[in-house]
Every structure is written in structure tokens, then in C-alpha cells.
Amino acid sequence: MLMWCYTLFPIILNMSLTAGIVIVLVLLARLPLKKAPRVFSYALWAVVLFRLLCPISFSTDFSLLGIFHSPAVTNGSITYIPTDIVHTANPQVDLPLPGISQVNNETLPQGGEQTVADPLEAPMAIATFLWLFGIMAMLIYSIASVLILKNRLKSAQNLEQNIYEADNLKTPFVLGIFKPRIFIPTGLTREEKSYIIRHEQTHIRRLDHIIKPFAFMVLSLHWFNPLVWIAFVLMGADMELSCDEKVIKEMGGEIKKPYAASLLSLATGKRILNGSPLAFGEGNVKGRIKNVLNYRKPRFWMMAVAVVAVITVGIGLLVNPVDDEPDLSFLKPANLIALISEIKQIEVTSAEYGATYVSGSELAKWLDNAENDWSKKLITPSEELETTIAVFIPDAIDHSICFFSSDPSLALVVYGDEKRYYNIPEEDYEAMEEVTLLGSRHVQNIVLTDYKDRKAAASVTVTDTEAIKRMSVMVLNGDQEKPYATVDDIPPVADYIRIDFKHFEDSQTITYYVYSQADKSYLEKPYSRISKINSATMQAIAAILSGQDTGTQSGLTFTSSETDLIRLGTIAFDAHMATLTSGNLPVSDRIAAYQLNHISVVAGNINEFCVSLNYDFTTDNESYVNPSRGAKGKGIWTDNSLEIRVRHIEKNKFEIISIGTGGGGQGLTPYAAEQTSLEPLAVRWSPEQSIDTIGMAELDYASDDMLIFHGYFGLFIYDLKSLQIIRSLDLKPLNCTAIQGDDYCDVTVSTDGNTVQLHRMSSNNMYVYTVSDNTLQEMPYERMSDRFGSNFVPIEDVVDSKQLGHCSHNAVKFGTGEYGYLHTSDWTLGTFTYVRGDRIYRLFDINASEDTNSQNSAGAEIVDSLSGDLITSHSDVEITNEWISKDFGYTVLFGSLKNDPQQGVAVVIPTGDQKDKNEQKVLTPEKHGAIKAESLGAKASILDVVAEDGYRWIFNVYNGFDPKK
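Reading the values: rules and limits
- Residues numbered from 1 in each chain as written.
- Predicted model: local features only at pLDDT ≥ 70, side-chain atom pairs only at ≥ 80, totals over all residues.
- Heavy atoms only, no water.
- Helix = DSSP H or I, 4+ residues; strand = E, 2+ residues; numbered from the N terminus.
- Buried < 20%, exposed > 50% of the residue type's maximum accessible area, 1.4 Å probe, protein only.
- Contact = heavy atoms within 4.5 Å.
- Areas by Shrake-Rupley, 256 points an atom, 1.4 Å probe, with all protein chains shown as cover.
- Phe/Tyr/Trp six-rings, centres within 6.5 Å; stacked < 30°, edge-to-face > 60°.
- Lys NZ or Arg CZ within 6 Å of the ring centre and 35° of its normal.
- Pairing = 2+ DSSP bridges.
- Axes fitted to C-alpha atoms, helices over the stretch in contact; angles between N-to-C directions.
- Patch = residues over 30% accessible without salt bridge, like charges linked within 9 Å, V, L, I, M, F, W, Y side chains within 5 Å.
- Salt bridge = Lys/Arg side-chain N within 4 Å of Asp/Glu carboxyl O.
- Lys, Arg positive; Asp, Glu negative; His and termini not counted.
- Charge placed at Lys NZ, Arg CZ, Asp CG, Glu CD.
- Parallel < 35°, antiparallel > 145°, perpendicular 65-115°, else oblique.
- Nonpolar A, V, L, I, M, F, W, Y, C, P; charged D, E, K, R; others polar.
- Expected span 1.5 Å × (residues − 1).
- Core = buried A, V, L, I, M, F, W, Y, C linked by side-chain atoms within 4.5 Å.

J.: Could you give an account of the overall build of the protein, naming the residues involved and the relevant values?
T.: Counting its regular elements, the protein contains 18 helices and 52 strands. Considering the protein as a whole, with its 965 residues, one finds that 50% of them fall into the buried category. Partitioning the contacts of the protein with sequence separation of at least 6, the portion at a separation of at least 24 is 58%. Carbon and sulfur atoms provide 53% of the accessible area of the protein, an area that totals close to 46000 Å².

So, in C-alpha cells, the structure goes:
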């Protein structure tokens, strides 16, 4: 069955219970407002409407709902009945009357009875469908009543506008929502018509004809709540009384007696409970007549007091009460996890075995899994229970978790004088019983034996107290698959690990087995239980067996797509510190801020590694204490050392497996950022060479002075001042030619353009090329921190869609607003160019193809700025005419293309003083008188002109120009 059958009705019940309290308080608030105009009482019902429809609100100290008992607000909602009550192990309700709650909770199924059989499913589903049936019945009744009434009004005569008169009516009323009509009975005097119509028009102006049907729909949702019925009736009465008062105020007190007489003569004698129509003679006519006759215009002070009172009460009923427990977050088991994980050892005492010590980090992991099935016990036991087992959390005041043999389904969290009970699964009590036997004070040693094909292949005896503290809780981890199932003396597989805890006192041995089966890992206590454990627990036990285990386990996980060990270590450190800065921690354990000073890789690789860190932290509370760091009270605590060991679990997911002050890298290969110097090879190329067969070359860096780009043909550094390639690097010997696919070579450049980093995605190493001294080194990959690229933009934002296939994927946006990008016309190096604004640079000169360090003298490029197509270089232009402007300092060369004599061109060369100017200008024949436009023929196109010996200017070139003329 759908889950909404079990969760929807509890939400409605919670809203209805909250609204019920609000209704009671509104009824009380109406009493002192009797002397005030009834519009104020009418306004208060809006708060009830809000509470009946909206399950959430914000909390303040000003809430009036605190008068009654209410549970703690969760996610903005007052939850008397948990929405997941059907599938909660220990279902409880917390009703406004605690005595009723206790009686109900005693009848609800608990523990295994509840979780195995789900006995509340059927009752909740039945209640939900019964509720839906009630809604349908009320809506059908209302719709049918209105349709019957409309049928009776077919003979009504229109008097004027929306006013109709009918013979078969007993009382006037308003009918309709979008086009409301006023219906009055025949036989009314002119005076009666005037104030009766005024009454109904007042309803329409105030939108009462919409409010009442809407209120009836809300009543249909909460039809099971008698307080909502009372609210609906009284809201209708306040609506009519306030409307009567409005009419008398507008028409004068002299109509009070005839108005009252009309009420009496037109009384319906019953209440209309279907939401429509709004009847003039509806409801408590006696009360309305009395109110009309006693009406007096209210004084100003009464109005002012009433306004303040209604606003105050309205706000007080709209908001939720704040938690009456100011800061009891330290009583929540979930909030104890981070605190316990930081503590090296935790004391656990039992009435039978005394005190012992276990690992705080392992206990935190057990609690993290166990507390998911814990729920706050709403009713405190009538008698104080005697503690059997206690877990003591080192703190400035008494802080502990208590368990009871007299009621193993309960746990108690104590913090000083504050305490809170929780319902827990009984197997959690049994687990804590095991802990009291397995701690470091009772266990002499642990023997781990590795069995292969049911024969002992290797064995290790653990006497280290830290390892014993960890193992004593580690064997409790996991989710029980078959609780209390009888199993064999040995596991059902041939390969397994046997764990024997040997006691000091009586040489007793407690045995566990760890093994894998069908890609799952299990931990078995013979004749007791089998639990499924995660891979991290399995690996930790195997590490102890192999002698590679050290440090304090953490269990924190994080996700990241990073591959740089320094960055991953920093993320792990931040995840660890987040548990210490959490607002859920008590202030005595919480730090205010921290600063990472240094981080380095100690050992390992991306699969498992250890980092060493130095950091400072700040505390802002006098009760803070951390003996291991020598920190107490407020202050800044500097020069703290830490080692964090991280293991890669699965794709993009990592686990912090240990946190300590040393030894975290044991068992891992020492990390050394070894560097190997290589000889960089220059690139040999030809102008006919293809740029790439599968994709465009990549633009890696661009500034005002330099350009860096690469493709399969190599990596190149182009100097924009000397207009030449000054460096090149052959990528083929480095196997870094791929620009797509799994073996893609990622090229990043530093912000100063001096360092180029090449990383093949399938490799753990990278190549670092230094431009200034032309050196190449190979070293372990680390992500470049100060990398160029923040001003890269997609090429789609720069060029026309038709040109996308001929341009680099990215462009660089400069502070001038210009864009720089790569362009090719025929996918050969001979036509490969760099475009920046109106300037175009041919990157590969034919004469320089044998030597990439020689000057590039490619010559001028002429590009149609309207189409973006490359036309030619001026070396392909046949010059047939020359014009020199002495006034402006320009030389204009006229000619035609050698391969197309009919295509006329003009090249404008600055001379004299103009040659050194850096700004770009536009020279047109019409403006400067260079040439008459008529002499060049029709139809012009604009060409951008760039050459090697100075700036070239934008000039109009006319198709069809005959240079001989």
C-alpha cells in the first residue's frame, strides 16, 4: 500500500490538534471583545483558518500556545503524533493533555512486536480512508444543496444589476462566488429592500461570499474535530453581526428597529451549514436582534484597544512556542557522536564487572548506527531506575549514557542536572553488556587467526591496549541479519578470521568470526548473532591481523572528485574540524574557529594516504577544556599537530580511517615528490599539417604579451610583441597528445604564464614545463593551485554559430571587453590564427616551419568582419595603385586578388607620426576624401587589415573595383 496512507492523516491530525488549541484561545479572547465591534472577533478566526491549513510556522517566545503542553517544534511543526508512527519501533504520542498521552502510549505496540508485524498499518489506513470518505460526503452534500437551490431560483426576476426577486424565498441571501447575485423575497417594502440589499452588498464587498464556502471546505478537511464545527458556526455568527453593524453605521441608528423587525420576519429558523448561500435571516436571530438594538458607535479608545488586542492575540496564536528546554542538544545521542569520536578512551562501568575502557572513535561509530533506532521517550518513568551500565563522557560536568537491566528497552542521557530517556532496541543493551566484558581492563590479549581452507594460516596476538579498546567495540558493529539464531561452531565458509578475546580473571575466551560471503562481509558471535559489516570494518580487522593498523579510528566520510592528495587531505581536515565546530556540541567541547597552517603528504597514494597538518584553533567559552591540547577556557591555541589517514572507498567517496598525532602512515609507502628532469623536444611542423582529426586545438593561456595553445601537433608559446613562436614542446614523446577520451591530457597554465602542467588522466604523474628556462620535469601529480582560467568563456558567447566548428572551445575575455580565440579556415597549420578583437595573428609562418624559435613574419591577414571569413594575406594581393595622404599620414595601396582579379582590395599603412600610434582608427574614402565612392563601383564590404610592420586600419573595400581605372 502507498506510504501516504500512513503519513497523510497524522499530518492532518497534528494541524487539527494545534488548531483546536487556537480555537479554545480564540473563544476566550472573544469574551473581553463583546463590547467591541464584532469585526474584531470575526478577524480572529483568520488565525484558526491558518492553523487548519498550514502545518508549519516560526517559533518565538511570544507564542500563546505555550499555555498548553506542546511537544518540541520539529522543522517548524508542532508534532503531537509522529508522521512515521506506523513504522517507528517505539511509537508514542505527545498530546496536549499528558495524562491522555500516557494512557495512549501504554496501549501502543512496542519493540519487536511493532517493527516485525507493523500492527498500526491497518488501523491507520482505515482511518485515512474513512477521513477521505467524510470529506467526499460533505462536499457532495454542499454541491447538491447549491444545485437544488439554483433549480428553485429559475423563476427569479431581475430587478437591477445583480439583484433578483423570487416568490418562493423566505429570506434574502447572496449566491455565487465569481458572479455573486443577491436574491430577495417578494413583498418587501422599499425601506426593507434598502437596508437588506445594503447588508448583502456589504457581504460581497468584504468577500464573505468567498470566505464562507472556503471555510466550509476547510471544515470538510477537519470534519472529525468538534471544535472546528464550533469555530465554523461562531465565525458565521461574527460575520453576520459585523455585517449588521456595518449597515447600521452607514445608514444611521434610526433603522435599528425596522432592521430588527425584518430580521425577525425573515428568520430562516435554522443554521445553514453547507457554506453557501449567505442568508440574511440565518443563524442566531435573537442574538442578532439584541446586538442591533444595543449597537452604539464605538469610541475611539475602544477601537484602539481592540485593534491592539486583536493584533497581539493574532500574532501570539500564529507563531509556535520555543522549545521549553533552552539548549538540551547535548542530550541527543546524534550530537554526542562527534564529541565521543574525539576522545581517545571512554570509561564504561557495569554493576557486575566494574570499570573498563574502550575506544571513543569506535564507540562513536557504534552509536552512529544504533541511535537511528532510538526515540525520545515522551513520558518519564514514574520511578527512577537503577543504572546497570554507564558510559561516562569526559566533560566539565557529569555527562553519561545509562542503561538498565530492569528495563533493557530504555537508555538515559544525563548532562549535569538535565536528563532525557530514550526507547532503544533491547539488542543495544545486550551490546553494551558485551562491551563491559571486552574492554581493556578485562582482556589480557586478543588472538586473531587467519584461516585458509579451514586451516590456520597465520596468527597474531594483540596486547596493545589501544587496539584492544578498539576491537572491543568493533565486534559490535553492523546490522544484525539473524538475531539470536543458533549457528555452527565455525562459519559456513572455508576462509575466515577467528577473533579470541582472552580474559585476565578467569582465562575465559570470547570468540567471534569474520568472513565474506556473496560479496558481503559478516561478523558472527557463535550461538548468538550474525551481523553484516561494512568493508571499512572488515579492512580494519584485516589491518590488525597484518600488523598494519595504528592510530585512532574516525569513520568520517566525505565525497570529492579531487585527485590531488594535498587537496583531499585539506578536505578531510575540514570534515574533521566541522565535527568540533558543530553547534550541536556543548560549549565546553566546541571550538569557535581554526586555521590550517601547513599540510604535507606523509605516505601512500590516492587509494590510501596519510597527511600531516599543523593548525591553530580558537575557543570563545570559559568552560572549554581539552587536556590533550593543553587548552582550557577562552583563547587562541597555536602550533597543534595532527595526522589524518584517508582511504578511498568507492568512486569520489573517501573515509577518514584514523586521526592521531603520529604513526598514521605506518604500512604505507613513504611519499616522495620525486622529480625527473627530461629534455624538452621542439616541434617540427609543416603548413599543410592537419590541426587535428578529432577536434580543435585548445587555447590554454592568453595575455597582452603571450599566447599558449596545444593540440596533438604540440604545445606552443607565441609572443604577441615579436609576432613569433618562441617555444614549442613535442607532446608525442610524453604520450600527451589526446585532447579527448579516457587518456585525455589536461593542460593547465599558471596565472603568470611561466609554468605549464600536463597531466594524462590515466597517470598518477605529471609533466611540468617551465617557459622561461625551457625545462621539463616529471613528478607525482598535484593540482595547480594558482591556475589561469577564471576569464575563460565558452566560444558560443563570442562567435556566430556557423563559425563554432572553426574556433577553439573557449575564448579569453580581457579587461578591455575584447575576446581572444583560435581560428582555422581549412584545418591546416598554414591558416591557423589567433583572433583578438579586430586583430588577427597568423601563428605558423611558412618560412619558419623548420624552426619554431625563429621570428614569425606571416604578413597581413585580411578578414571580412561581417562574415568572419579569412580572405587572404596581402602577399597574395597585386598592387596596381598607390595613394599617399600627406594630411593624415597614411599610405593606401589599391589592387586586386591574384586568384580573383575582380575582387578589389585596399591596404592602409600608417606612415610617419601615425605609425607608432597604438589606437585603432577607421579610414573611409567618404570621410577622408581618399577616393570617391562612385569611382569604385557599388556594394561595399568592410575588411579588417593587419600586417607585420605596423597597425592596419579598418577600410571599406568595394567588390567589382577595377584597379586599372
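This is not the end of the story, as more comes after the structure.
J.: How would you summarise the packing of aromatic side chains if you had to cite specific residues and measurements?
T.: Across all of its chains, the model carries 31 aromatic pairs by this definition. Aromatic side chains Tyr451 and Tyr496 sit 4.8 Å apart centroid to centroid with 15° between the ring planes, which places their arrangement in the stacked category. Here Tyr496 lies in strand β20 (residues 496-503) and Tyr451 lies in strand β17 (residues 443-452), a separation of 45 residues in the sequence. For the pair shown, Tyr451 and Tyr496 are each scored as buried. Of the aromatic side chains, those joined through ring pairs into one cluster are Trp685, Phe709, Tyr712, Phe713, Phe716, Phe832 and Phe844. Its guanidinium or amino end placed over the ring of Phe814, Arg836 lies 3.6 Å from that ring's centre, counting from NZ or CZ.

J.: Tell me about the sheet that holds strand β37 (residues 755-760), and name the residues and values.
T.: The strand order across the open sheet formed by 5 strands is β31-β39-β38-β37-β36, and the pairing between neighbours is antiparallel. One side of each edge strand has no neighbouring strand; the edge strands of this open sheet are β31 (676-678) and β36 (745-749). Sheet twist, expressed as the average angle between the axes of neighbouring strands with direction ignored, equals 25°. Bridge count between β37 and strand β38 (residues 765-770): 4 bridges; the pairing is antiparallel. Pairing of Leu758 across the sheet is with Tyr767, part of β38.

J.: Could you give me a rundown of the sheet that holds strand β16 (residues 418-423), with the residues and numbers involved?
T.: Taken together, 7 strands build an open sheet; the order of strands is β11-β10-β13-β14-β15-β16-β12 and the sheet is antiparallel. Both edges of this open sheet fall to β11 (354-359) and β12 (375-376), since each of them pairs with a single strand only. The sheet contact formed by strand β10 (residues 345-350) and strand β13 (residues 389-392) spans 4 bridges and is antiparallel. Residue pairing for β13: Glu347 is matched across the bridge by Phe392. The strands that helix α13 (residues 360-370) touches are β10, β11, β13 and β14 (399-403); relative to β11, the one it contacts most, it runs at about 85°.

J.: Give me a negative patch on the surface: which residues, what numbers.
T.: Where like charges cluster on the molecular surface, the negative patch consists of Asp373, Glu426, Glu427 and Asp479. Relative to the elements of secondary structure, Asp479 occurs in strand β19 (residues 479-480).

J.: So, the packing of helix α5 (residues 121-152) against helix α7 (residues 208-221): which residues are in play, and what are the values?
T.: Closest axis-to-axis distance for the α5/α7 pair is 8 Å, and the angle between their directions is 150°. The angle between the axes of α5 and α7 places the two elements in the roughly antiparallel class. Residues Trp131, Ile135, Met138, Leu139 and Ser142 of α5 form the contact with α7, whose participating residues are Phe216, Met217, Leu219, Ser220 and Leu221. Residue composition of the contact of α5 with α7, by class: 8 nonpolar, 2 polar and no charged.

J.: Describe a positive patch on the surface, naming the residues involved and giving the relevant values.
T.: On the surface, a cluster of positive charge is contributed by Lys34, Lys35, Lys286 and Lys290. On the secondary structure map, Lys35 appears in the loop between α1 (4-30) and α2 (38-53).

J.: Tell me what's going on with the side chain of Ser220, and back it up with residues and numbers.
T.: Along the polypeptide, Ser220 turns up in helix α7. A residue is classified by how much of its surface remains accessible, and Ser220, at 1% relative accessible area, is buried. In this structure Ser220 touches Ile135, Met138 and Leu139, once residues within four positions along its chain are discounted.

J.: Please give an account of the pattern of salt bridges that cites residues and values.
T.: Summed over the entire model, instances satisfying the criterion amount to 22 salt bridges. Note that Arg288 and Glu240 form a salt bridge whose closest N and O atoms lie 3.6 Å from each other. Of this pair, Arg288 sits in helix α10 (residues 285-293) while Glu240 sits in helix α8 (residues 226-251), and the two are 48 residues apart along the sequence. A residue is classified by how much of its surface remains accessible, and Glu240, at 3% relative accessible area, is buried. Arg645 is paired through a salt bridge with Glu608; the nearest N and O atoms lie 2.7 Å apart. With a gap of 37 residues between them, Arg645 in strand β29 (residues 635-650) and Glu608 in strand β26 (residues 608-619) connect regions that are remote in the sequence. The network of salt bridges with shared partners includes Arg198, Arg205, Lys246 and Glu250.

J.: Break down unusual backbone geometry for me, citing the residues and quoting the values.
T.: At Asp453, a residue that is not glycine, the phi angle is positive and equals roughly 55°. Counting through the fold element by element, Asp453 comes out in the loop between β17 and β18 (455-462). One non-glycine residue, Asn735, adopts positive backbone phi at about 55°. Its place among the elements puts Asn735 in the loop between β35 (724-729) and β36. Classification of Asn735 by relative accessible area gives partly exposed; the value is 42%.

J.: Explain helix α15 (residues 465-474) to me, and be specific about the residues and the numbers.
T.: Where burial is concerned, most of α15 is hidden: 8 out of the 10 residues are buried. Those residues of α15 that sit buried are Ala467, Ile468, Lys469, Arg470, Met471, Ser472, Val473 and Met474.

J.: Give a detailed account of the pairing of strand β21 (residues 509-517), specifying residues and quantitative values.
T.: When a strand is regular, its side chains alternate between the sheet's two faces. Relative to β21, β20 is paired through 6 bridges, and the arrangement is antiparallel. Opposite Ile499, over in β21, you have Tyr512 as the bridge partner. Looking at chain direction, β21 and strand β22 (residues 520-525) are connected through 5 bridges and run antiparallel. If you follow Val514 over to β22, its bridge partner there is Leu523. Counting the residues in the hairpin turn of β21 and β22 gives 2 residues, including Ala518, whose phi is positive at 55°.

J.: Give a detailed account of the environment of Lys732, specifying residues and quantitative values.
T.: Residue position: Lys732 is located in the loop between β35 and β36. On the basis of relative accessibility, which here comes to 53%, the residue Lys732 falls in the exposed class. Placed 51 residues apart in sequence, Lys732 and Leu681 show a C-alpha to C-alpha distance of 9.6 Å. The contact partners of Lys732, leaving out residues within four places of it in the chain, are Tyr712 and Thr737.

J.: Explain helix α14 (residues 426-438) to me, and be specific about the residues and the numbers.
T.: What sets the pattern is the α-helix's 3.6 residues per turn: residues three or four places apart point alike. In this model, α14 (13 residues) spans 19 Å end to end at C-alpha, consistent with the 18 Å of a helix rising 1.5 Å per residue. Buried within α14 we find Asp428, Tyr429, Ala431, Met432, Glu434, Val435, Thr436, Leu437 and Leu438.

J.: Talk me through the nonpolar core; I want residue IDs and the actual numbers.
T.: The biggest cluster of nonpolar side chains holds 54 residues, and the ones touching the most others in it are Phe403, Met471, Ile499 and Phe501. For Phe501, the residues in contact, after removing those within four places along its chain, are Leu438, Val443, Asn445, Ile446, Met471, Ser472, Val475, Gln508, Thr509, Ile510 and Tyr512. Core analysis: the second largest hydrophobic core is formed by 46 residues, Ala19, Leu44, Ala125 and Phe216 among them.

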